Amino acid sequence: MKLTCLSKGDGFQYPPCHMLNLSGFRILIDCPLDLSAITIFAPLPYDVGFEASEYPSDAQNPIQKMQKLARQMTPDDLVCAEPWYKTVKALHLWEVSLIDLVLISNPMGLLGLPFLTQNPRFCAKIYMTEATARIGQLMMEDLVSMHMEFRRFHGPQDSRFPVWTKNLDGEQVPPLLKKVVFGESGDDLGSWMRLYSLDDVKSCMKKVQAVKFAEEVCYNGTLIIKALSSGLDIGACNWFINGPNGSLNYVSDSIFVSHHAKSFDFHGLKGADVMIYSDFSCLQTGEMTENPVQDNNYISTISDKNDEDLAASLLDNEESLEEVEKLAFVCSCAIESADAGGSTLITITRIGIVLQLLELMSNSIESSSLKVPIFVVSSVAEELLAYTNTIPEWLCEQRQEKLISGEPSFGHLKFIKDKTIHLFPAIHSPNLISNWQEPCIIFAPHWSLRLGPSVQLLQRWRGDPKSLLVLQDEISSGLGLLPFRPIAMKILQCSFLSGIRLQKLPTLVSVLQPKIVLVPDVIHRRINLAAMKTKTILSYSENKTLSVPRIANNADVEIMAELATKLSWRKLKQGENFGIARLKGELVMEDGKHRLVSGLEQEESCSGKKARSLRHWGSVAPETLVDGLTKMGIITGSIEHSSRGENGSEDKSVIHITNPSSGLIETSEIGTAIITEDEYLASQIFQAIDGILDGI
């Protein structure tokens, strides 16, 4: 098995991407887009009314030129062109025809897949959960819809090369801009691509095989693949893969206890030989401290607990309660802004967070005296919100119970009917204009604050100190808000739980107990893994291939019971405590296991006697062979021994046959040769050797 980390990602919006070589198959796990990279482009409309005196003017003398190089970025530095999108680094260097299988863990890991499937050489099988497929398709359609605004403004472009990069080589270009475009090593330019079309999205989704929760699917008769909930969001999953040479689980960003999605099903990941840990969420939090996160007391605690206690410790409600408090705080800030006469713009894109905020916001407004409308502006808002009430298998237990009792799993359906929540496909929708009211609370996807309705709304409210902007922590407020500065709005930047807390990793591994654990090197260096109940811990790095040793040297073979009872077993002569039998047939691979199919026949002679052995092993002692030949009436002459080797062993012995015919028998460590013109004598000698050696 080999693992290559193509990208460690950058938060929820840009999940990691890996290439796995397993049982001869090349498997791509997730294919995201780096949506944070489009912050280098100027949004529409481009002119946001900056005063020229705010920034230094272009100057040609050396002193002013140095000052310009040292200044901070301004909106004029942003690229004024139709945005291109940055895919996983180095993925474009892989030959797509060599990819056999694609596994998508969550909707964000799907956004870059049409770039692969539009290649005519792409022929891989694609697996993802039903919820990920539907939500991911809606997100891609929404992205294409928002991007069309740029295409209408800038006009069609036929170039297959990003022409705008030619203006980014100068020394006056800010280093941050160059880093985003070209990468730290300067080789990221090939990762930029023009956005796919709606037809490309539809063509991509036709190639997808959607799977249900914990459903087992078999790929090529060799790999058994199963999707298990990760708890990160609706439809997000981890993967369990079983093959002829062992099993593995792939752990992506996961949340143990969720208030909207089905919680992390880590019990289903038990029993794997290899665990690939791919949760990089701690890199976006304050967990990566200078010292390892465990002390000796913590290690001792893990060692002392049994498996049930360890599993129970992973399911504490502390993390989920913290998330509820964060959501409640966002709601309280929005209500305060509305009470003061200001509007709130919420640009969060995580489906589960949006659903919970809609529910909490509506309840808060209903219980207060405020009459503030909630607008959801997205081309797929109506379809997406309706869909989330049709997939109970991917929801938490509390929401499943609500659905069983006849209530909607999420409260937004009630508030849509009550006209508390209003859904609109675009900011310029006639119905939105006729129902417009301020202050209001608006949910609008931001896509790094460059696309969609959030851009126009920020233009409208950026000068209002009573209004509130709610951002995800993944977006850089510096570069993201650059086109809208100076900004007087209050800004609330939220960091929601998006993965496993680092201190829980040793406990998780101790519960799953894989034989080998693969951990990112950036995490391996910062955490004490001595407490984990596993044999081997290996670390992997970005853009490097790690070879993993085989778990099992011998594969198991299944034989039908009817066939097994007909086998004629032969006990070995040289001390091994097992038997051996010979049969004729075909070895096939079915459902990830080697099988001997029915209809195989034993090799037997017509008289019913056991067939003559065709393969022998062991060494022939010349003296033992001479005794056997003598009992059969074959007269032997002398035994000649060749020179001894360095270790004292005899290289070769020659036995001379004199009667009934002449012949020679040469024995050595590598084999035995019978030399005679008498076929009957040769058969007799073979029979004597067959009685000495083990054979089949």
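Residues numbered from 1 in each chain as written. Predicted model: local features only at pLDDT ≥ 70, side-chain atom pairs only at ≥ 80, totals over all residues. Heavy atoms only, no water.

An unreviewed UniProt entry lists the chain under the name Integrator complex subunit 9, with Noccaea caerulescens given as the organism. Heading Sequence similarities (unreviewed entry) of the UniProt record for the chain holds this comment: "Belongs to the metallo-beta-lactamase superfamily. RNA-metabolizing metallo-beta-lactamase-like family. INTS9 subfamily." (UniProt positions renumbered as here; feature names shortened; annotations may be inferred.)

Undergrad: I'd like a rundown of the overall build of the chain, residues and numbers included.
TA: Along the chain, the regular secondary structure elements total 20 helices and 35 strands. By the burial criterion, 50% of the 696 residues in the chain qualify as buried. Of the accessible surface of the chain, which amounts to about 32,100 Å², a share of 50% is contributed by carbon and sulfur atoms. (Helix = DSSP H or I, 4+ residues; strand = E, 2+ residues; numbered from the N terminus. Buried < 20%, exposed > 50% of the residue type's maximum accessible area, 1.4 Å probe, protein only. Areas by Shrake-Rupley, 256 points an atom, 1.4 Å probe, with all protein chains shown as cover.)

Undergrad: I'd like a rundown of the sheet that holds strand 10 (residues 223-229), residues and numbers included.
TA: Overall, mixed pairing links the seven strands, which are arranged 9-10-11-12-13-20-21 in an open sheet. Of all strands in the sheet, those bounded by a partner on one side alone are strand 9 (216-219) and strand 21 (536-540). The mean inter-strand angle of the sheet, taken between neighbouring strand axes irrespective of direction, is 20°. Note that strand 10 and strand 11 (residues 237-243) share six bridges and pair antiparallel. From the neighbouring strand, Ile 224 faces strand 11, where its bridge partner is Asn 242. Along the sheet face, helix 16 (residues 505-512) touches strand 12 (246-251), strand 13 (274-277) and strand 20 (516-520) and points at about 155° away from the line of strand 13. (Pairing = 2+ DSSP bridges. Axes fitted to C-alpha atoms, helices over the stretch in contact; angles between N-to-C directions. Contact = heavy atoms within 4.5 Å.)

Undergrad: Tell me about the sheet that holds strand 34 (residues 671-675), residues and numbers included.
TA: The sheet built from four strands is open, its strands ordered 31-32-33-34 with antiparallel pairing. Among the strands making up the open sheet, the edge pair consists of strand 31 (635-641) and strand 34. The sheet shows a mean angle of 15° between the axes of neighbouring strands, taken without regard to direction. The pairing of strand 31 with strand 32 (residues 652-659) spans five bridges and is classified as antiparallel. Bridge assignment links Ile 635 to a residue of strand 32, and that residue is Asn 659. In the packing of helix 19 (residues 622-631) onto the sheet, contacts are made with strand 31, strand 32 and strand 33 (663-668), and the angle to strand 31 comes to roughly 175°. Across the sheet, helix 20 (residues 679-692) lies against strand 32, strand 33 and strand 34, angled at about 155° from strand 34, the strand it touches most.

Undergrad: Report on the pairing of strand 12, specifying residues and quantitative values.
TA: In terms of burial, strand 12 is a largely internal element, five of the six residues being buried. Sheet topology note: the strand 11/strand 12 ladder contains five bridges and is antiparallel. By the bridge assignment, Gly 243 is partnered in strand 12 with Gly 246. Following strand 11, the chain reverses through two residues before pairing antiparallel with strand 12. As paired strands, strand 12 and strand 13 are joined by four bridges and run parallel to one another. Opposite Tyr 250, over in strand 13, you have Ile 276 as the bridge partner.

Undergrad: How would you explain helix 14 (residues 453-461) if you had to name every residue and give the values?
TA: Taken across its nine residues, helix 14 has seven buried, putting it largely inside the fold. Taken together, the buried positions of helix 14 are occupied by Pro 453, Ser 454, Val 455, Leu 457, Leu 458, Gln 459 and Trp 461. Looking at the buried residues of helix 14, the elements they touch are helix 3 (130-154), strand 14 (344-346), strand 15 (374-377), strand 17 (441-443) and strand 18 (468-472).

Undergrad: Give a description of the state of the cysteines that names residues and reports values.
TA: In total, this model carries zero disulfides according to the counting rule given. The thiol of Cys 5 is unpaired, and the distance to the nearest cysteine sulfur, on Cys 17, comes to 8.0 Å. (Disulfide = S-S within 2.5 Å.)

Undergrad: Hey, could you go over the packing of helix 8 (residues 318-339) against helix 9 (residues 351-366) for me, with residue numbers and the actual values?
TA: Direction vectors running N to C along helix 8 and helix 9 enclose 50°, while the axes themselves pass 10 Å from each other. One way to sum up the angle between helix 8 and helix 9 is to call them oblique. The way helix 8 lies across helix 9 gives a crossing that is right-handed. Here Leu 327, Ala 328, Val 330, Cys 331, Ala 334 and Ile 335 of helix 8 lie close against helix 9, whose contacting residues are Ile 353, Gln 356, Leu 357, Leu 360, Met 361, Ser 364 and Ile 365. Of the residues that constitute the contact of helix 8 with helix 9, the class distribution is 11 nonpolar, two polar and no charged. (Parallel < 35°, antiparallel > 145°, perpendicular 65-115°, else oblique. Left-handed = near helix turned anticlockwise from the far one by under 90°. Nonpolar A, V, L, I, M, F, W, Y, C, P; charged D, E, K, R; others polar.)

Undergrad: Describe the pattern of salt bridges, with residues and values.
TA: All chains considered together, the criterion is met by 22 salt bridges. Notably, a salt bridge pairs Lys 226 with Glu 216, separated by 4.0 Å at the nearest N-O pair. Placement of Lys 226 in strand 10 and of Glu 216 in strand 9 is noted, with a sequence separation of 10 residues between them. Note on Glu 216: relative accessible area 54%, which makes it exposed. For the salt bridge of Asp 521 with Arg 525, the shortest nitrogen-to-oxygen distance reads 3.6 Å. Through salt bridges that share partners, Lys 86, Lys 89, Asp 187 and Asp 188 make up one connected network. (Salt bridge = Lys/Arg side-chain N within 4 Å of Asp/Glu carboxyl O.)

Undergrad: I'd like a rundown of the side chain of His 260, residues and numbers included.
TA: Within the secondary structure layout, His 260 lies in the loop between strand 12 and strand 13. Excluding residues within four positions of it along the chain, His 260 makes contact with Leu 232, Asp 233, Ile 234, Gly 352, Gln 356, Trp 394, Leu 395, Cys 396, Arg 399 and Phe 410.

Undergrad: Tell me about helix 20, residues and numbers included.
TA: Helical geometry note: an α-helix holds 3.6 residues per turn, so side chains three or four residues apart project in the same direction. For helix 20, built from 14 residues, the straight-helix expectation of 20 Å at 1.5 Å per residue is met to within 8% by its first-to-last C-alpha distance of 20 Å. The opening residue of helix 20 is Asp 678, an N-cap whose side-chain oxygen sits 3.0 Å from the backbone nitrogen of Tyr 680. (Expected span 1.5 Å × (residues − 1). Polar contact = N/O pair within 3.5 Å; in protein donor to acceptor, adjacent residues only side chain to side chain.)

Undergrad: If you had to explain the nonpolar core to someone new, which residues and values would you point to?
TA: Ranked by internal contacts, the top residues of the largest apolar core, which has 165 residues, are Leu 28, Trp 164, Tyr 196, Ile 225, Ile 234 and Phe 443. The dominant element in this core, judged by the number of residues it contributes, is helix 3, at 10 residues. Taken domain by domain, the makeup of this core includes at least three residues from each of domain 1 (2-43 + 73-315 + 500-547) and domain 2 (319-494). Not counting residues within four places of it along the chain, the set of residues in contact with Ile 234 comprises Ala 131, Ile 135, His 260, Ala 261, Leu 355, Thr 388, Ile 391, Trp 394, Leu 395 and Phe 410. (Core = buried A, V, L, I, M, F, W, Y, C linked by side-chain atoms within 4.5 Å. Domains from an automatic or database assignment.)

Undergrad: I'd love a proper account of the packing of aromatic side chains, names of residues and values included.
TA: The tally for this structure, following the rule as stated, stands at 12 aromatic pairs. Geometrically, the ring pair formed by Phe 25 and Tyr 219 is edge-to-face, given 5.2 Å between the ring centres and 80° between the ring planes. Placement of the pair is Phe 25 in strand 3 (residues 25-29) and Tyr 219 in strand 9, with a sequence separation of 194 residues. Ring centres of Phe 41 and Trp 192 lie 6.2 Å apart, and the angle between their planes is 70°; on these two criteria the pair is classed as edge-to-face. Separated by 151 residues along the polypeptide, Phe 41 in the loop between strand 3 and helix 1 (62-70) and Trp 192 in strand 7 (residues 192-193) bring together distant segments of the chain. The exposure class of Phe 41 is buried, given its relative accessible area of 1%. Among the aromatic side chains, those forming a connected cluster through ring pairs are Phe 375, Phe 424, Trp 436 and Trp 461. Directly above the aromatic system of Phe 240 lies the positively charged group of Lys 226, at a separation of 5.6 Å from the ring centroid. If you follow Lys 262 out to its NZ or CZ, it ends over the ring of Phe 213, 4.8 Å from the centre. (Phe/Tyr/Trp six-rings, centres within 6.5 Å; stacked < 30°, edge-to-face > 60°. Lys NZ or Arg CZ within 6 Å of the ring centre and 35° of its normal.)

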